[in-house]
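# An overview of the molecular structure
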Amino acid sequence: MSVPAEALDRVETAPATTGSTFFWPMLLLPPSQRGAMFAIYRFCREVDDIVDLPGDPDEKQARLAAWRDRLGALYLGMPPQGRVETGLQAAIRRYRLPRAELEAVVDGVAMDLSDMRAPPLDVFRTYCRRVAGAVGLLSIHVFDRADPDTEGFALALGEALQATNILRDLRDDAAIGRLYVPREYLLQADIPDTLPDAVLGHARFGTACERLAEHAEARYLEADDFLRHWPKRRLWSARAMMVLYRRLLDRMRARGWAETGRPTLLGKVERAAVTLRCLAGQPPGR
C-alpha cells in the first residue's frame, strides 16, 4: 500500500533531537526522508524509555511485548494509535521498512532488562546489532537501497556508533547499574569486577576503554572501506554521522579515560559544517 509523501512531510522534528549529533545530518534530508528518519528515531526513543525509566521489570516486559504486537498490527494495516505509530506506519509503507529490524530494536532494548554488566563480547555484539545495526538497516531503506554492500556498511557503522556512544555515556549508564564494556576487555586489563562503580574507579579501567575504542575504530575503518568505492554524495547523511562520531571518539581518546564524567561535545557550528560539506560531496575528514 502506498502512502503520500505529505504524510511523512508532516512528521514534526523531535525537539529532543535538536541538540544531538543525530539531528544535523537528518535536518537537510528531503522532507519525506527526514520525516521517516524522525519516525524511526521516535520509535527507538519510545521503546528505549520503557526500559530506562523507573518501573517494575515485569511491567516493562509487558510493554515491550505490546509494542511487538503493535508492530504486527501496523504491518497488517491496522489504524495506528498515537503520533509515534502514525509516523512509523507512514515510513513503513513508503520505504518498505523490514519488520524484522524494528522487532530487533525491541529485542535489543529488552536485553537491558537482563544483567548488562560487562557482557561477554558476543553478547555485546548482539546488543549492538539489535539496537544500532537494525537502525542502520532501516535507514538505508530510507536513504538509498538495501544491497549486500550497503547492508555491510550499515552494520559496521552501527556497531562503531554504538561503541562510541557507550564510551561517551559510561557514567550515565553506571548510574542505572549498567556497564557495556565487554568482559574480555576488562579481564585483559586485569579487572575482575563487573560492578559499574568499582570498574569505573579501577586504576586500569582506561586500558579497557582504549580496547573498546580500538574496536570502534576498526569498525569505522570497515565502514570507510565501503565508502571509498562509492560516489562522494552517496549516503551523505550517513557519512556525516560517521565523521562526527569518529571525531567524538578521537577527542575522547585524546582526553584520556581518567575523566569519564566530563562530557566531550561537538559544537553546533562544527556539526552543521560537517553536514553541509558531506551534502556537497566534500568529505571534511577527521
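Model, not experiment: these values are computed from the prediction.

So, about the overall build of the protein. A count of helical and extended segments in the protein gives 14 helices and zero strands. In terms of overall size, the protein behaves like a compact globule, its C-alpha atoms giving a radius of gyration of 19 Å where 286 residues would be expected to give roughly 19 Å. Its C-alpha atoms give the protein principal-axis dimensions of roughly 55 × 50 × 35 Å. Counting over 286 residues, the protein shows a buried share of 53%. Considering only intrachain contacts with a sequence separation of at least 6, the fraction spanning at least 24 residues in the protein is 69%. Surface accessibility of the protein: about 13000 Å² in total, with carbon and sulfur atoms responsible for 53%. The distance from the centre of the 40 positive side-chain charges to the centre of the 39 negative ones in the protein is 6 Å.

So, on to empty space enclosed by the protein. On inspection of all chains with the given rule, the structure shows one cavity of 30 Å³ or more. Leu-167, Arg-168, Met-252, Arg-255, Thr-260, Arg-262, Pro-263 and Thr-264 are the residues that line the largest cavity. Going through the elements one at a time, helix 8 (148-168) and helix 13 (236-255) are the ones with two or more residues in the lining of the largest cavity. Classifying every residue of the lining of the largest cavity gives three nonpolar, two polar and three charged.

Under the definition given, this model contains six aromatic pairs. With a centroid separation of 5.1 Å and 20° between ring planes, the pair formed by Tyr-127 and Tyr-180 is classed as stacked. Of this pair, Tyr-127 sits in helix 7 (residues 121-143) while Tyr-180 sits in the loop between helix 9 (170-175) and helix 10 (183-188), and the two are 53 residues apart along the sequence. Taken as a pair, Tyr-127 and Tyr-180 share a single burial class, namely buried. For the ring pair Phe-226 and Trp-230, a centre distance of 6.3 Å and an interplane angle of 35° mean the geometry is tilted. Neither Phe-226 nor Trp-230 differs from the other in exposure class; each is buried. Ring-pair connections join several aromatic residues into one group, and the members of that group are Phe-23, Trp-24 and Phe-38.

Next up on the list: the side chain of His-215. In this structure, His-215 sits in helix 12 (residues 205-227). Its relative accessible area of 10% is what places His-215 among the buried residues. Once residues lying within four places of it in the same chain are set aside, the contact partners of His-215 are Phe-124, Arg-125, Glu-159 and Tyr-185.

The calculated volume of the largest pocket comes to roughly 1400 Å³. Lining of the largest pocket is provided by 50 residues; of these, Tyr-41, Gln-162, Asn-165, Arg-168 and Tyr-245 occupy positions nearest its centre. Of all the elements in the fold, those that place two or more residues in the lining of the largest pocket are helix 3 (31-52), helix 6 (99-110), helix 7, helix 8, helix 9 and helix 13. If one sorts the elements of the lining of the largest pocket by residue count, helix 8 sits on top with nine residues. Of the residues belonging to the lining of the largest pocket, the class tally is 30 nonpolar, ten polar and ten charged. Of the volumes computed, that of the second largest pocket is approximately 270 Å³. Considering the residues around the second largest pocket, the lining is formed by 13 residues, among which Asp-224, Leu-227, Met-242, Val-243 and Pro-283 are closest to the centre. Of all elements in the fold, only helix 12 and helix 13 reach the threshold of two or more residues within the lining of the second largest pocket.

To continue, consider the environment of Met-252. Here Met-252 lies in helix 13. Relative accessible area serves as the criterion here: at 1%, Met-252 is assigned to the buried category. The residues touching Met-252, leaving out its near neighbours within four places in the chain, are Thr-164, Leu-167, Arg-168, Trp-257 and Thr-264.

Given a rise of 1.5 Å per residue, 20 residues ought to cover 28 Å, and the 29 Å separating the end C-alpha atoms of helix 13 matches this to within 8%. Burial runs high along helix 13: 16 of the 20 residues are buried. Following helix 13 by one or two positions, Gly-256 has its phi on the positive side, about 95°.

This part takes up helix 3. In a regular helix each residue adds 1.5 Å, so 22 residues correspond to 32 Å; helix 3 covers 31 Å between its end C-alpha atoms and thus fits that length. The buried fraction of helix 3 is high, at 16 of 22 residues.

Rules and cut-offs
- Residues numbered from 1 in each chain as written.
- Predicted model: local features only at pLDDT ≥ 70, side-chain atom pairs only at ≥ 80, totals over all residues.
- Heavy atoms only, no water.
- Helix = DSSP H or I, 4+ residues; strand = E, 2+ residues; numbered from the N terminus.
- Rg over C-alpha atoms; globule rule 2.2 N^0.38 Å.
- Buried < 20%, exposed > 50% of the residue type's maximum accessible area, 1.4 Å probe, protein only.
- Contact = heavy atoms within 4.5 Å.
- Areas by Shrake-Rupley, 256 points an atom, 1.4 Å probe, with all protein chains shown as cover.
- Lys, Arg positive; Asp, Glu negative; His and termini not counted.
- Charge placed at Lys NZ, Arg CZ, Asp CG, Glu CD.
- 1 Å grid on protein atoms, 1.4 Å probe; cavity = no way out; pocket = protein on both sides within 12 Å on 5 of 7 lines; lining within 4 Å.
- Points joined across faces, edges and corners; volume = space filled by probe spheres on them.
- Nonpolar A, V, L, I, M, F, W, Y, C, P; charged D, E, K, R; others polar.
- Phe/Tyr/Trp six-rings, centres within 6.5 Å; stacked < 30°, edge-to-face > 60°.
- Expected span 1.5 Å × (residues − 1).

The quantities given are spatial measurements derived from coordinates; they are silent on function.
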